[in-house]
Amino acid sequence: MSIYKAPRGTHDIFGKLALGLEKLDLISRQVFRKHNFKEVRTPIFEDVSLFTRSIGEATDIVEKEMYVFEDRKGRKLALRPEGTASLVRAYIEHRFDMTEPIGKFFYSGEMFRYERPQAGRYRQFLQMGAEYLANPSPNADVEIILVAKEILSTLNIKDITIHLNSLGCPKCRAEFRQKLVDYFASISDLCEDCKRRLEKNPLRLLDCKIDSNKFQNVPTMQECLCDDCNNHFQQVQALLKRVDCDYIVDHKLVRGLDYYTRTVFEVRSSSVGSQDALCAGGRYDNLVKELGGQQIPSVGFALGCERVLMACEQNGFFDSLQTDDVVFIALADEELFVDAFTFANDLILNNNDIRKDICLSENIIIEGPFLNKSLKSQFKLADKIGAKKTIIFGKNEFDKGKIIVKDMVTQEQKEVKLPDYCFNRQICNTDSNEVFKNVKK
Ligand code: HAM
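Residues numbered from 1 in each chain as written. Predicted model: local features only at pLDDT ≥ 70, side-chain atom pairs only at ≥ 80, totals over all residues. Heavy atoms only, no water.

Structural notes on the overall build of the chain
A tally of regular secondary structure across the chain gives 17 helices and 16 strands. Along the longest, intermediate and shortest principal axes, the C-alpha atoms of the chain span 90 × 50 × 45 Å. Burial statistics for the chain: of 441 residues in total, 51% are counted as buried. For the chain, contacts bridging at least 24 residues in sequence account for 70% of all contacts bridging at least 6. Carbon and sulfur atoms make up 49% of the accessible area of the chain, which amounts to about 22700 Å² in all. Taking the average place of the 63 positive charges on the side chains of the chain and the average place of its 65 negative ones, the gap between the two points comes to 2 Å. (Helix = DSSP H or I, 4+ residues; strand = E, 2+ residues; numbered from the N terminus. Buried < 20%, exposed > 50% of the residue type's maximum accessible area, 1.4 Å probe, protein only. Contact = heavy atoms within 4.5 Å. Areas by Shrake-Rupley, 256 points an atom, 1.4 Å probe, with all protein chains shown as cover. Lys, Arg positive; Asp, Glu negative; His and termini not counted. Charge placed at Lys NZ, Arg CZ, Asp CG, Glu CD.)

So this is what it looks like as structure tokens:
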């Protein structure tokens with residue numbers, strides 16, 4: 001029994017999940033690169049006020065979910081709960097507006113939120129995100145949505161719905177906010193969370209899981225959009241239709257971060273349970289300025305890697321994850337250990353001559369040789385790790401410059417001549433064999 005367990009809400013990543021993440025990372029990077037997004041890696045912790053200012057004081061993330069701590073010099077820091085604020089901080093700090101004529105960036109890494117853990121919701125989770133800075137046009141919003149969709153469709157995730165809304169600009173949002181406050185004042189039995197939010201953040205009442213079905217004929221943001229915001233929203237939708245990207249306008253989509261303006265979206269899957277948002281994002285035209293930069297309208301999204309992989313479980317993605325064939329190096333005579341070890345190293349270093357000679361494909365995993373194991377237990381081990389071939393070093397064959405190659409599936413064995421230089425090296429350099437023998441004794 002282990003004394004320690006991974007902290008609540010965190011999980012170890014290994015086996016198929018680790019392979020799946022590697023593939024998701026690879027596919028996302030390919031899609032980001034195709035669209036000319038460049039990678040930025042930011043620290044895992046930042047000044048706490050970076051997040052309170054950007055995400056918003058009255059949001060769940062800032063009110064109750066951040067991991068805040070003081071370092072030894074009393075600086076107040078927080079583990080990053082999301083990546084947008086850090087990316088914008090880096091953009092301003094390094095004057096990317098001067099050096100990067102196109103402001104497209106991507107990031108990947110761990111995020112931290114003290115949430116109540118459940119399937120698809122963790123306290124430490126992985127995001128891959130893309131941010132398109134300095135482009136106010138609706139085509140930037142659409143490109144961001146298409147990048148997210150492309151990653152999910154490359155992973156063969158089919159049961160997705162894109163939810164789209166506009167939150168307008170601060171001007172039209174103020175009108176919407178007032179309409180909501182007036183509307184909610186007429187509802188008597190609001191839950192405690194809603195009562196608390198009504199004053200600080202009335203938009204969040206719209207996505208309350210407890211109360212939302214009490215809200216009939218609730219005002220919509222669309223009724224309040226100013227002409228510019230309405231035009232922007234119509235153009236986004238026209239472009240999405242033009243490229244055959246299905247979506248639904250969802251008036252209740254408000255998002256849990258305060259920096260959004262105009263377009264917001266979530267891509268939801270029907271196959272992953274209640275935490276169904278695989279990725280989400282939107283436009284944040286005022287954030288760069290609010291954090292001390294210029295007025296730089298921007299848009300972005302982040303996908304939750306664990307949730308995306310949960311959706312992948314339904315479509316056979318994990319079965320299709322192929323690892324390379326394993327070739328096991330076995331010893332029939334231990335005195336050949338050094339020769340077998342050197343041979344394994346030659347194979348690992350990609351010596352294609354040897355591979356060709358013994359009919360091994362390009363992509364193989366080499367395992368062995370092991371000391372102090374009978375040939376029988378070496379074969380058992382080779383079976384356990386699913387080796388496709390075993391190469392056996394035996395004295396009789398080796399003295400003739402040969403090794404045995406055993407096909408673990410058909411059990412067929414054949415003798416194969418070692419390339420001359422492998423054998424010559426052994427004859428010329430017997431010292432290492434001797435030293436090894438002495439050490440063993
Ligand atoms: P978010 O909606 O908070 O947005 O998170 C984006 C995605 O991260 C979610 O859709 C979900 O898949 C995943 N996620 C969030 N919280 C958790 C959790 N506790 N456990 C597992 N997965 C989770 C943002 O973070 C924004 N920064 C997105 C953005 C980028 N907006 C503009 N640019």
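Here's the deal with the domain arrangement of the chain
For the chain, the assigned domains are domain 1 (15–169 + 226–318) and domain 2 (324–436). The distance between the C-alpha centroids of domain 1 and domain 2 comes to 49 Å. (Domains from an automatic or database assignment.)

So, the site of the ligand
Every one of the 27 residues lining the ligand counts as a neighbour, but E82, E115, E131, Y260 and A277 are closest to it. Here a nitrogen atom of the ligand sits 2.6 Å away from a polar atom, N or O, in the side chain of Y260. Between the ligand and the protein, one listed contact pairs a nitrogen atom with a backbone N or O atom of G300 at 3.4 Å. Notes on the ligand: free accessible area 650 Å², of which the protein chains cover 96%. Contributing elements (two or more residues each) for the shell around the ligand: β6 (124–133), β10 (277–283) and β11 (298–304). A total of 6 residues in the shell around the ligand trace back to one element, the largest contributor, which is β10. Per-class residue counts for the shell around the ligand are 13 nonpolar, 7 polar and 7 charged. (Near = heavy atom within 4 Å. Polar contact = N/O pair within 3.5 Å; in protein donor to acceptor, adjacent residues only side chain to side chain. Nonpolar A, V, L, I, M, F, W, Y, C, P; charged D, E, K, R; others polar.)

A short note on a positive patch on the surface
Positive charge collects at one region of the surface, where K373, K376, K380 and K384 lie side by side. If you trace the backbone, K373 turns up in the loop between β13 (364–367) and α14 (375–384). Under the relative-accessibility criterion, K373 is labelled partly exposed at 35%. (Patch = residues over 30% accessible without salt bridge, like charges linked within 9 Å, V, L, I, M, F, W, Y side chains within 5 Å. Salt bridge = Lys/Arg side-chain N within 4 Å of Asp/Glu carboxyl O.)

Looking at the packing of helix α6 (residues 138–154) against helix α9 (residues 227–242)
Two numbers describe how α6 lies on α9: the axes approach to 9 Å, and their chain directions differ by 45 degrees. The angle between α6 and α9 places the two elements in the oblique class. For the pair α6 and α9, the sense of crossing is right-handed. Across the interface between the two elements, P138, N139, D141, V142 and I145 of α6 pack against H232, Q235, V236, L239 and L240 of α9. Tallied by class, the residues present in the contact of α6 with α9 amount to 6 nonpolar, 3 polar and 1 charged. (Axes fitted to C-alpha atoms, helices over the stretch in contact; angles between N-to-C directions. Parallel < 35°, antiparallel > 145°, perpendicular 65-115°, else oblique. Left-handed = near helix turned anticlockwise from the far one by under 90°.)

Some remarks on the layout of surface pockets
Approximately 260 Å³ is the volume attributed to the second largest pocket. What lines the second largest pocket is a set of 16 residues, among which R173, R177, N201, L203 and D258 lie closest to the centre. With 4 residues, the single largest contributor to the lining of the second largest pocket is helix α7 (residues 170–185). Taken together, the residues of the lining of the second largest pocket sort by class into 8 nonpolar, 2 polar and 6 charged. (1 Å grid on protein atoms, 1.4 Å probe; cavity = no way out; pocket = protein on both sides within 12 Å on 5 of 7 lines; lining within 4 Å. Points joined across faces, edges and corners; volume = space filled by probe spheres on them.)

As for the nonpolar core
One finds F184 and F301 to be the most contacted residues of the largest nonpolar core, which totals 100 residues. Counting residues in each nonpolar core, the second largest holds 22 residues, with L331, I354, I358 and V405 among its members. (Core = buried A, V, L, I, M, F, W, Y, C linked by side-chain atoms within 4.5 Å.)

A few points about the environment of E39
Residue placement: E39 occurs in strand β1 (residues 38–39). Taking C-alpha positions, E39 is 4.8 Å from F106, a pair spaced 67 residues apart along the chain. In this structure, E39 is in contact with R29, F106 and S108, ignoring residues within four places of it in sequence. Within polar-contact distance, the side chain of E39 engages the side chain of R29 at 2.9 Å. For E39, the side chain forms a polar contact with the side chain of R41, separated by 3.2 Å.

Overview of the packing of helix α1 (residues 15–34) against helix α11 (residues 305–313)
In the contact formed by α1 and α11, the axes pass within 10 Å of each other and the chain directions differ by 105 degrees. Classed by the angle they form, the pair α1 and α11 counts as roughly perpendicular. Across the interface between the two elements, L17, G20, L21 and L24 of α1 pack against C305, V308 and L309 of α11.

Remarks on the packing of aromatic side chains
Tallying each qualifying case throughout the model produces 19 aromatic pairs. Both rings, one in F32 and one in F37, keep their centres 6.3 Å apart while their planes meet at 55 degrees; by these two values the pair is tilted. The two residues F32 and F37 agree in class, both being buried. Aromatic side chains Y183 and F215 sit 6.4 Å apart centroid to centroid with 85 degrees between the ring planes, which places their arrangement in the edge-to-face category. (Phe/Tyr/Trp six-rings, centres within 6.5 Å; stacked < 30°, edge-to-face > 60°.)

Regarding the pattern of salt bridges
What the rule picks out here adds up to 28 salt bridges. Linking D193 and R196 is a salt bridge whose minimum nitrogen-to-oxygen distance equals 2.9 Å. One end of the pair, D193, and the other, R196, are both in helix α8 (residues 192–200), 3 residues apart, so they sit about a helical turn from each other. The partly exposed category is assigned to R196, whose relative accessible area is 37%.

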